[in-house]
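# Report on the structure
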Amino acid sequence: MSRPGIVCTPLRSEWAALRGAVTAPVVRTGRGPRRRYDDAAAGPIAVAGVAGALDGGLRPGDLVVADVIRGPDTELSSAAAPLLYGELRRLGLPARLGPVLSTERVVDGRARAELARTGAVAVDTESAFLAADAPHGRAVVIRAVVDTPGAPLLRPGTAWRGVRALRALRAAAPVFDRWSAATGDREVLLAGPRSFCAGVERAIEIVEQTLRRFGAPVYVRRQIVHNTHVVRELTERGAVFVNEVDDVPEHGVLVLAAHGVAPEVRRRAEQRSLRVVDGTCPLVSKVHTEVRNFAAAGKTVFLIGHADHEEVVGTRGEAPDRVVVVADPEAAARVSVPDPERVAYVTQTTLAIAEAEATAAVLRQRFPAVSTPRKDDICYATTNRQHAVRAVARQSDLVLVLGSRNSSNSLRLAEVAAAEGVAAQLVEDAGEVELGWLARAHRIGVTAGASAPPYLVDDLVDALSGLGAVRVRHHTVTEESVRFNLPREVS
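What you are looking at is a predicted structure, and each value in this text was computed from that prediction instead of being measured.

Turning to its location among the elements, Arg272 is positioned in the loop between helix H9 (263–271) and strand S13 (275–278). Buried within the structure, Arg272 lacks any salt-bridge partner; its nearest side chain of opposite charge belongs to Asp246, at an N-O separation of 4.2 Å. Among the polar contacts listed, one links the side chain of Arg272 to the backbone oxygen of Val248, at a separation of 2.6 Å. Setting aside residues no more than four positions away along its own chain, Arg272 makes contact with Val245, Asp246, Val248, Pro249, Glu250 and His251.

So, in structure tokens, the structure goes:
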């Protein structure tokens, strides 16, 4: 492991603001482009100080985290920037993530306006020069705004703004300590398979092809898949996400989400003369078919799953008078039906394997005549990802699962990992990873739910590399080659 990170403060006032508040080593390096800290190459450094805002939206006391550190002749990425930015936001401090530019002298007036056009959000006179001496990508920068385009440096009120900026810098002291404790070399175990499954890829492609064929806007009932990044990206391309069919203008184009819908939703869409493109995952459609068949045979159908999940709501809608949702073994032990000899069960596709089997075992014991699906309802992708994360968890100090909190399969991955006795956390992206989790985690398992984009994994590994050298090892339990055809409306 490399040594803990060092906090570099160019000015005496910046050093004084952090002294006593930060337990990590804090050194004063001197003002301007002179490099007075010769030991930077030994490990990660954090540059802490004040800066001038280039973005007019910033105010004195706002904190800026540099994702890119620019100098007169250099441009360096700061890989760990999302981790620090997330920590500041969780502390409730006003923070902005963006490029920080370093110049050899203080700028104002016209020169400042020209720098603003480069896209940088703040300017200082030290960060890039200090960062150049740190290991590649392992410098972080947090600057507190003193002056802004509307309140330049040489104006009345600068002293007051300076005090406000230094107080903001001191308020960020816990972040510097957490960062320093989290720095070091580590190993990352990537579980495979991970990220998008064939059903999710199909659903996203359906929205994309529908936009190409019919043009924006294309309406999507609920989230096409349960991931905020996917929804945001499709929104930017012209998709409009709505709660119900009645929110779509008559004769509009509607895509049904991958989780499936009740027949009543389709009937309502037909009444409104909507052009419907069905994005339901074929594996979910299989469960709908099973419910219809069991119900047609006069059987009560136990639906093992979570009652408020969209997939369960849609599946139950196939035969609401004959479907009974059973959440867990305790519910299975209590459930009663008119005719115990005419029962069947199906399963929500995104459950944990052990969770579903425990409930099904109780049903089989209580109802020996229960009919079961010819093939397991839990989707192959869910099963594969759970096997993979279990194998990785057994070798890890910490497991990070990328996925949204309303994603059932992502939640189950975190639960499966935790069941192996390891700390496991579900995060939307690298910005939600808390530095405190990493302080004693030398081997980190990483996976992503079936609805999480693969680039989130790359971003997370990159962020971890900003804390120290990272050795990446792939642990793949099986290869996936499944691909589903698109519906005829967009194929």
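Back to the write-up after that little detour.
Take the packing of helix H2 (residues 81–90) against helix H6 (residues 173–182) next. Where H2 meets H6, the closest approach of the two axes is 10 Å, and the angle between their N-to-C directions is 145°. Seen from above, H2 lies across H6 with right-handed handedness. Within the contact between the two elements, H2 uses Leu84, Glu87 and Leu88 and H6 uses Val175, Arg178 and Trp179. Counted by class, the contact of H2 with H6 contains 4 nonpolar, no polar and 2 charged residues.

Before going further, it helps to spend a moment on the packing of helix H14 (residues 380–393) against helix H15 (residues 408–418). Running from N to C, H14 and H15 point in directions that differ by 30°, and their axes come no closer than 9 Å. Overall, the two elements H14 and H15 adopt an arrangement that is roughly parallel. As for the relative orientation of H14 and H15, their crossing is right-handed in sense. Across the interface between the two elements, Thr382, Arg385, Gln386, Val389, Arg390 and Ala393 from H14 touch Asn409, Arg412, Leu413, Val416 and Ala417 from H15.

Turning our eyes to something else, we now look at the sheet that holds strand S19 (residues 443–448). Spatial ordering of the open sheet is given by S18-S17-S19-S9-S20, a layout of 5 strands whose pairing is parallel. Lying at the two open borders of the sheet, with one neighbouring strand each, are strand S18 (423–427) and strand S20 (470–476). Adjacent strand axes in the sheet meet at a mean angle of 25° when their direction is disregarded. Across 4 bridges, strand S9 (residues 186–192) lies against S19 in parallel orientation. Within S19, the residue paired with Glu187 across the bridge is Arg443. Its contacts with the sheet put H15 on strand S17 (398–402), S18 and S19, and the angle it makes with S18 is roughly 170°.

Judged by pairing direction, the sheet is parallel, and its 3 strands sit side by side in the order S15-S14-S16 without closing on themselves. Two strands bound the open sheet, and with one partner strand each, they are strand S15 (323–326) and strand S16 (343–347). For this sheet, the mean inter-axis angle between neighbouring strands, taken without regard to orientation, is 25°. Where strand S14 (residues 300–304) and S16 come together, 5 bridges link them in parallel fashion. Bridge pairing in S16 links Phe302 to Tyr345. Packed onto the sheet, helix H10 (residues 282–296) meets S14, S15 and S16 and runs at close to 170° relative to S16. Contacting S14, S15 and S16, helix H13 (residues 353–366) runs over the sheet at an angle of about 155° to S14.

What follows concerns the pattern of salt bridges. For the coordinates displayed, the defined rule picks out 29 salt bridges. Of the charged contacts, one joins Asp108 and Arg112 as a salt bridge, the two residues approaching to 3.5 Å between their closest N and O atoms. Asp108 gets classed as partly exposed once you look at its relative accessible area, which sits at 29%. Arg112 sits in the buried class, given a relative accessible area of 5%. Across the salt bridge formed by Glu187 and Arg473, the nearest N and O atoms sit 3.0 Å from each other. Separated by 286 residues along the polypeptide, Glu187 in strand S9 and Arg473 in strand S20 bring together distant segments of the chain.

Burial along strand S1 (residues 6–9) is two-sided: the residues Ile6 and Cys8 and Val7 and Thr9 are all buried. Bridge count between S1 and strand S3 (residues 45–53): 3 bridges; the pairing is parallel. In the sheet register, Val7 faces S3, and the bridge partner there is Ala46. Across 3 bridges, S1 lies against strand S2 (residues 26–28) in parallel orientation. Of the residues in S2, the one forming a bridge with Cys8 is Val27.

The next subject is the pairing of S14. Of all 5 residues in S14, 5 are buried, a share of seventy percent or more. Burial along S14 is two-sided: Thr300, Phe302 and Ile304 facing one way and Val301 and Leu303 facing the other are all buried. Of the strand pairs in this sheet, S14 and S15 are connected by 4 bridges, and their pairing is parallel. Bridge assignment links Val301 to a residue of S15, and that residue is Val323.

Okay, the layout of surface pockets next. The volume enclosed by the largest pocket comes to roughly 420 Å³. Counting residues per element, the ones that place at least two in the lining of the largest pocket are helix H1 (12–18), S3, strand S7 (122–124), strand S8 (139–147) and helix H5 (158–171). The residue makeup of the lining of the largest pocket, split by class, is 9 nonpolar, 6 polar and 8 charged. Considered as a void within the structure, the second largest pocket measures approximately 300 Å³ in volume. Lining the second largest pocket we find 14 residues, and of these Pro82, Leu97, Ala430, Gly431 and Asp459 sit closest to its centre. Of all the secondary-structure elements, those providing two or more residues to the lining of the second largest pocket are helix H8 (228–236) and helix H17 (455–465). For the lining of the second largest pocket, the leading source of residues is H17, giving 4 residues. Along the lines of polarity and charge, the residues of the lining of the second largest pocket split into 6 nonpolar, 3 polar and 5 charged.

Bringing the packing of aromatic side chains into the picture now. What describes a pair of aromatic rings is the distance from one ring centre to the other and the angle between the planes of the rings. In total, this model carries 1 aromatic pair according to the counting rule given. Arranged with centres 5.1 Å apart and planes meeting at 40°, the rings of Phe302 and Phe367 form a pair that is tilted. Taken together, the positions of Phe302 in strand S14 and Phe367 in the loop between H13 and H14 put the pair 65 residues apart, joining distant regions of the chain.

Per the counting criterion, the structure on display carries 2 cavities of 30 Å³ or more. Taken as a whole, the largest cavity spans an internal volume of roughly 280 Å³. What lines the largest cavity is a set of 24 residues, among which Cys197, Val200, His259, Thr350 and Asn409 lie closest to the centre. The set of elements that each furnish at least two residues to the lining of the largest cavity consists of helix H7 (198–214), H10, H14 and H15. What lines the second largest cavity is Arg221, Arg222, Leu256, Ala257, His259, Gly260, Val261 and Glu310. When grouped by side-chain class, the residues that make up the lining of the second largest cavity number 3 nonpolar, 2 polar and 3 charged.

Definitions and cut-offs
- Residues numbered from 1 in each chain as written.
- Predicted model: local features only at pLDDT ≥ 70, side-chain atom pairs only at ≥ 80, totals over all residues.
- Heavy atoms only, no water.
- Helix = DSSP H or I, 4+ residues; strand = E, 2+ residues; numbered from the N terminus.
- Buried < 20%, exposed > 50% of the residue type's maximum accessible area, 1.4 Å probe, protein only.
- Lys, Arg positive; Asp, Glu negative; His and termini not counted.
- Salt bridge = Lys/Arg side-chain N within 4 Å of Asp/Glu carboxyl O.
- Polar contact = N/O pair within 3.5 Å; in protein donor to acceptor, adjacent residues only side chain to side chain.
- Contact = heavy atoms within 4.5 Å.
- Axes fitted to C-alpha atoms, helices over the stretch in contact; angles between N-to-C directions.
- Left-handed = near helix turned anticlockwise from the far one by under 90°.
- Nonpolar A, V, L, I, M, F, W, Y, C, P; charged D, E, K, R; others polar.
- Parallel < 35°, antiparallel > 145°, perpendicular 65-115°, else oblique.
- Pairing = 2+ DSSP bridges.
- 1 Å grid on protein atoms, 1.4 Å probe; cavity = no way out; pocket = protein on both sides within 12 Å on 5 of 7 lines; lining within 4 Å.
- Points joined across faces, edges and corners; volume = space filled by probe spheres on them.
- Phe/Tyr/Trp six-rings, centres within 6.5 Å; stacked < 30°, edge-to-face > 60°.

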